[in-house]
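# Topology and contacts: notes
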Amino acid sequence: SRRRHTRFRNVTGVQTCALPISFGVPLGELIGAAVEDATPSGVGIRVIGEAAVGVWRDPSLSPPSDKTITVPDDYPISRFALKIVDQSINKVIGPGEYAVCEPVDVTEIEPGFFIAFKREQLGTEEISVRRISAVNDSTLRTTGHSTDSRFGVITDIDLEKGATVMGRVVGKYADIVF
């Protein structure tokens, strides 16, 4: 069986366990792994920033993060993480949790994928994580995946106008509080 890295800590009397959560893995299996293995080991993937739908930021106001997430030794080193700071994809990743992404070629993107992308406008940038609903030539049609209807707006990402796909979401990282 594959060993999953966990890390326990005590925060004002409440024990928490932090572990990477992959889509498609039963929660019971993850919690069981957390309880069985509290020995930290592994490598770290970088948290490279925050993601929110429709929030344009001056890049100089968001200094690079020095946070890393410890993952198992066999975890692909090319992966990175983005902290989700809104409700835009809360059906799969909530505010305060991290979308774990891996670089992907644009030609491999299919409807149903969650992608992280960046686009700029007048010197500010938006980094978002959205669900792909259609792929047409150089345009990716995206939607939110949220219980909040404000985030269900369809957005077209035009790759010919400078938008960049940063990666495909392959999992999430969250703290589990017992």
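Bear in mind the structure is a predicted one, so any value in this text is a computation, not a measurement. (Residues numbered from 1 in each chain as written. Predicted model: local features only at pLDDT ≥ 70, side-chain atom pairs only at ≥ 80, totals over all residues. Heavy atoms only, no water.)

### Points about the overall build of the chain
When its secondary structure is counted, the chain shows 1 helix and 11 strands. By residue count, 42% of the 178 residues in the chain fall in the buried class. (Helix = DSSP H or I, 4+ residues; strand = E, 2+ residues; numbered from the N terminus. Buried < 20%, exposed > 50% of the residue type's maximum accessible area, 1.4 Å probe, protein only.)

### Observations concerning the pattern of salt bridges
All told, the structure shown has 5 salt bridges when counted by the stated rule. The partner of Arg-79 in a salt bridge is Glu-102, and the shortest N-O contact between them spans 3.1 Å. In this pair, Arg-79 is assigned in the loop between strand S4 (68-71) and strand S5 (80-84) and Glu-102 in strand S6 (residues 98-102), connecting sequence segments 23 residues apart. Note on Arg-79: relative accessible area 17%, which makes it buried. The partner of Glu-97 in a salt bridge is Lys-172, with the nearest N and O atoms 3.4 Å apart. Of this pair, Glu-97 sits in the loop between S5 and S6 while Lys-172 sits in strand S11 (residues 164-177), placing them 75 residues apart in sequence. Residue Glu-97 shares its accessibility class with Lys-172, and that shared class is buried. (Salt bridge = Lys/Arg side-chain N within 4 Å of Asp/Glu carboxyl O.)

### Some remarks on the nonpolar core
Counting residues in hydrophobic clusters, the biggest one holds 14 residues, and the most contacted among them are Leu-82, Ile-84, Ala-99, Val-129 and Val-169. Going through the elements one at a time, S5, S6, strand S7 (114-121), strand S8 (124-136) and S11 are the ones with two or more residues in this core. The leading source of residues in this core is S5, at 3 residues. Val-104, Phe-113, Ile-115 and Val-165 belong to the second largest nonpolar core, which has 10 residues in total. (Core = buried A, V, L, I, M, F, W, Y, C linked by side-chain atoms within 4.5 Å.)

### Remarks on the packing of aromatic side chains
The full count for this structure, using the stated rule, is 1 aromatic pair. Sitting over the ring of Tyr-75, Arg-79 keeps its end group 4.8 Å from the ring centre. Its guanidinium or amino end placed over the ring of Phe-113, Arg-168 lies 3.8 Å from that ring's centre, counting from NZ or CZ. (Phe/Tyr/Trp six-rings, centres within 6.5 Å; stacked < 30°, edge-to-face > 60°. Lys NZ or Arg CZ within 6 Å of the ring centre and 35° of its normal.)

### So, the confidence of the model for the chain
Mean pLDDT over the chain: 76, with 69% of residues reaching 70 or higher. Looking at the elements of the chain, mean pLDDT is at its lowest for strand S1 (residues 7-11), recorded as 43, and at its highest for S6, recorded as 94. Segment residues 1-19 is flagged for pLDDT under 50; beyond a separation of four residues in sequence, or across chains, it makes 66 contacts in the model. Throughout residues 35-40 the model reports pLDDT below 50, and contacts reaching past four residues in sequence, or to other chains, amount to 11 contacts. (pLDDT = per-residue confidence, 0-100. Contact = heavy atoms within 4.5 Å.)

### Structural notes on the side chain of Ser-128
For Ser-128, the position within the fold is in strand S8. One polar contact links Ser-128 to Glu-126, side chain to side chain, over a distance of 2.9 Å. (Polar contact = N/O pair within 3.5 Å; in protein donor to acceptor, adjacent residues only side chain to side chain.)

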